[in-house]
Amino acid sequence: MLLAFVNGRVLQPAGFTAGLAVIVEGSRIVDVLAQDDPRVRGLMQHDLRGQLLLPGFLDTQVNGGGGVLFNDNPGVESIHAIGRAHRRFGTTGFLPTLISDDLHVVENAIAAVQAAIDAGTPGVLGIHIEGPFLNAERRGVHDAAKLRELDETGLQLLTSLHGGKTVITLAPEMTTPQMIRRLSDAGVIVSAGHSNASYTEIRAALTQGLRGFTHLFNAMSQLTGREPGVVGAALDDPTSWCGIIVDGLHVDPVALRIALRSRPHDRFMLVTDAMPSVGIDGNEFMLQGRRIIVRDGRCLDENGTLAGSHLSMSEAIANAQQMLHLDLAQCVRMASEYPATFLGLDGELGKIAPGYRASLVQTDDQLNVIETWIDGRTAEPDR
């Protein structure tokens with residue numbers, strides 16, 4: 001059955017465009033036509049009431065949501081609950097993210113994501129494994145006791161997911177360029193984070209397949225006059241992707257605006273680094289035995305260390321528009337088109353175009369989410 005989305009403003013390459021009909025059949029967009037095209041007549045129609053129709057938001061770093069932390073119970077039900085919580089804010093594709101843990105927990109998490117993909121759990125695109133192959137000097141809230149070197153056992157584990165994307169955040173100086181090359185050649189997307197690497201070490205990793213940088217500026221060596229560090233290497237490289245947390249708390253907006261002026265905008269993507277507090281009214285949760293308090297929008301441990309974020313993707317887009325002085329279309333692309341390219345899904349997700357999956361978001365002008373579709377299906381009713 002064909003369904004026509006009409007009477008809205010549709011994000012297109014030229015910007016928001018009125019007078020279009022987006023035609024969906026099953027899970028795919030089959031055409032984008034003028035609304036008065038004769039082929040639209042007689043089709044079932046969804047009236048957008050003048051609101052925005054956006055490509056679904058993609059979040060490559062989601063630790064939790066809806067009161068659930070992925071590390072606590074890495075299973076299909078947890079993934080479903082996290083995805084359900086973030087879908088309310090327009091996220092139609094996500095990577096459940098595992099914070100540094102023992103290898104048997106990593107193995108369970110990968111198995112859970114594999115099972116979720118096999119079961120068709122809405123929105124799950126793969127897994128992000130953030131650690132445990134990190135530098136203790138830049139560990140942030142990660143448990144130092146969980147950190148370890150990347151060996152052959154770890155390599156086999158990280159390359160074991162099939163049918164979904166695997167992103168691994170590691171500190172390049174804690175492994176070898178050869179190991180990064182082997183991960184990349186196996187299809188793993190390697191991102192640098194929680195790293196104290198030098199500029200030279202990052203450049204070596206980039207030549208061997210390092211593809212991105214996890215939460216730019218946070219938990220990494222900074223740009224200084226004599227040593228550019230991880231931040232300098234990231235800003236100097238025009239081809240890799242940078243995830244940015246735009247909540248006004250993790251990074252000063254001035255620093256992000258400077259970063260945006262240094263390299264192509266299509267190599268930045270919004271991430272939430274969201275914790276279980278997103279989508280619920282509670283103001284605290286547990287993280288590997290530590291109590292985390294949500295105060296003034298910050299997730300803080302007992303030492304005042306940031307522990308992820310209390311950020312949704314619709315809020316991140318609104319913040320980017322306000323804090324980074326970007327137009328709304330660009331901000332939406334940073335949450336859809338650009339992460340899709342980072343994940344190698346740019347022929348399927350991130351745009352409203354023929355042949356793309358019908359993962360869509362209807363919002364008002366304030367980015368309040370009205371309705372979402374994942375592969376052409378609307379959200380389940382609340383239970």
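Because the structure is a prediction, the values reported are computed rather than measured.

## Thoughts on the overall build of the protein chain
1) Next: In terms of regular secondary structure, the protein chain is built from 10 helices and 24 strands.
2) Next: Expected size for 383 residues packed as a compact globule is a radius of gyration near 21 Å; at 20 Å, the protein chain falls within 12% of this value.
3) Next: Principal axes of the C-alpha set define a box for the protein chain whose edges measure 60 × 45 × 40 Å.
4) Next: Put simply, the protein chain has 383 residues, and 57% of those count as buried.
5) Next: Restricting to contacts in the protein chain with at least 6 residues of sequence separation, those with at least 24 account for 68%.
6) Next: Summed over all atoms, the accessible surface of the protein chain reaches about 15100 Å², with 47% contributed by carbon and sulfur.
7) Next: The positive charge centre, built from 31 side chains, and the negative charge centre, built from 44, are 3 Å apart in the protein chain.

## A look at the sheet that holds strand S16 (residues 241–244)
1) Next: Here we have 8 strands laid out as an open sheet, ordered S8-S11-S12-S13-S14-S15-S16-S17, and parallel in their pairing. On the outer flanks of this sheet lie strand S8 (57–62) and strand S17 (268–270), each paired with one strand and no other.
2) Next: Across 2 bridges, strand S14 (residues 189–192) lies against strand S15 (residues 212–213) in parallel orientation. Bridge pairing in S15 links Ser 191 to Gly 212.
3) Next: Its contacts with the sheet place helix H2 (residues 103–118) against strand S11 (91–99) and strand S12 (126–130), and it is angled at close to 160 degrees to S12.

## A closer look at the environment of Ser 160
1) Next: Secondary-structure assignment places Ser 160 in the loop between helix H3 (152–158) and strand S13 (165–170).
2) Next: Residue Ser 160 is classed as partly exposed on the basis of its relative accessible area, which comes to 28%.
3) Next: With 117 residues separating them along the chain, Ser 160 and Leu 43 place their C-alpha atoms 44 Å apart.
4) Next: Those residues within four positions of Ser 160 in sequence are excluded, and the remaining contacts are Ile 110 and Gln 114.
5) Next: For Ser 160, the side chain forms a polar contact with the main-chain oxygen of Leu 157, separated by 2.6 Å.

## A word on helix H1 (residues 76–87)
1) Next: The end-to-end C-alpha distance of H1, which contains 12 residues, comes to 16 Å, matching closely the 16 Å that a straight helix rising 1.5 Å per residue would cover.
2) Next: Ser 78, Ile 79, His 80, Ile 82, Gly 83, Ala 85, His 86 and Arg 87 are the residues of H1 that are buried.

## Here's the deal with the pattern of salt bridges
1) Next: A full pass over the atoms with the stated rule returns 13 salt bridges.
2) Next: Put simply, Arg 181 and Asp 185 hold a salt bridge, and the shortest N to O gap is 3.1 Å. Placement of both Arg 181 and Asp 185 in helix H4 (residues 177–185) is noted, with a separation of 4 residues, approximately one turn of the helix.
3) Next: You can call Asp 185 exposed: its relative accessible area is 57%.
4) Next: Here Glu 348 and Arg 357 are joined by a salt bridge, their closest N and O atoms 3.2 Å apart.
5) Next: We classify Arg 357 as buried; its relative accessible area is 18%.

## Re the nonpolar core
1) Next: Leu 216, Leu 270 and Ile 317 are the most contacted members of the largest nonpolar core, which has 78 residues in total.
2) Next: Broken down by element, the residue count for this core peaks at 8 residues, all from H2.
3) Next: Sequence-distant contacts of Leu 270, that is, excluding residues within four places in its chain, are made with Leu 58, Ile 244, Val 246, Met 313, Ala 316, Ile 317, Ala 320, Cys 331, Met 334 and Ala 335.

## Quick notes on the pairing of S11
1) Next: Among the 9 residues in S11, 9 count as buried, and that is most of the element.
2) Next: Sheet topology note: the S8/S11 ladder contains 4 bridges and is parallel. Note that in S11 the partner of Phe 57 across the bridge is Thr 91.
3) Next: Direction of pairing for S11 relative to S12: parallel, over a ladder of 3 bridges. The residue of S12 that forms the bridge with Ile 99 is Glu 130.

Parameters and conventions
- Residues numbered from 1 in each chain as written.
- Predicted model: local features only at pLDDT ≥ 70, side-chain atom pairs only at ≥ 80, totals over all residues.
- Heavy atoms only, no water.
- Helix = DSSP H or I, 4+ residues; strand = E, 2+ residues; numbered from the N terminus.
- Rg over C-alpha atoms; globule rule 2.2 N^0.38 Å.
- Buried < 20%, exposed > 50% of the residue type's maximum accessible area, 1.4 Å probe, protein only.
- Contact = heavy atoms within 4.5 Å.
- Areas by Shrake-Rupley, 256 points an atom, 1.4 Å probe, with all protein chains shown as cover.
- Lys, Arg positive; Asp, Glu negative; His and termini not counted.
- Charge placed at Lys NZ, Arg CZ, Asp CG, Glu CD.
- Pairing = 2+ DSSP bridges.
- Axes fitted to C-alpha atoms, helices over the stretch in contact; angles between N-to-C directions.
- Polar contact = N/O pair within 3.5 Å; in protein donor to acceptor, adjacent residues only side chain to side chain.
- Expected span 1.5 Å × (residues − 1).
- Salt bridge = Lys/Arg side-chain N within 4 Å of Asp/Glu carboxyl O.
- Core = buried A, V, L, I, M, F, W, Y, C linked by side-chain atoms within 4.5 Å.

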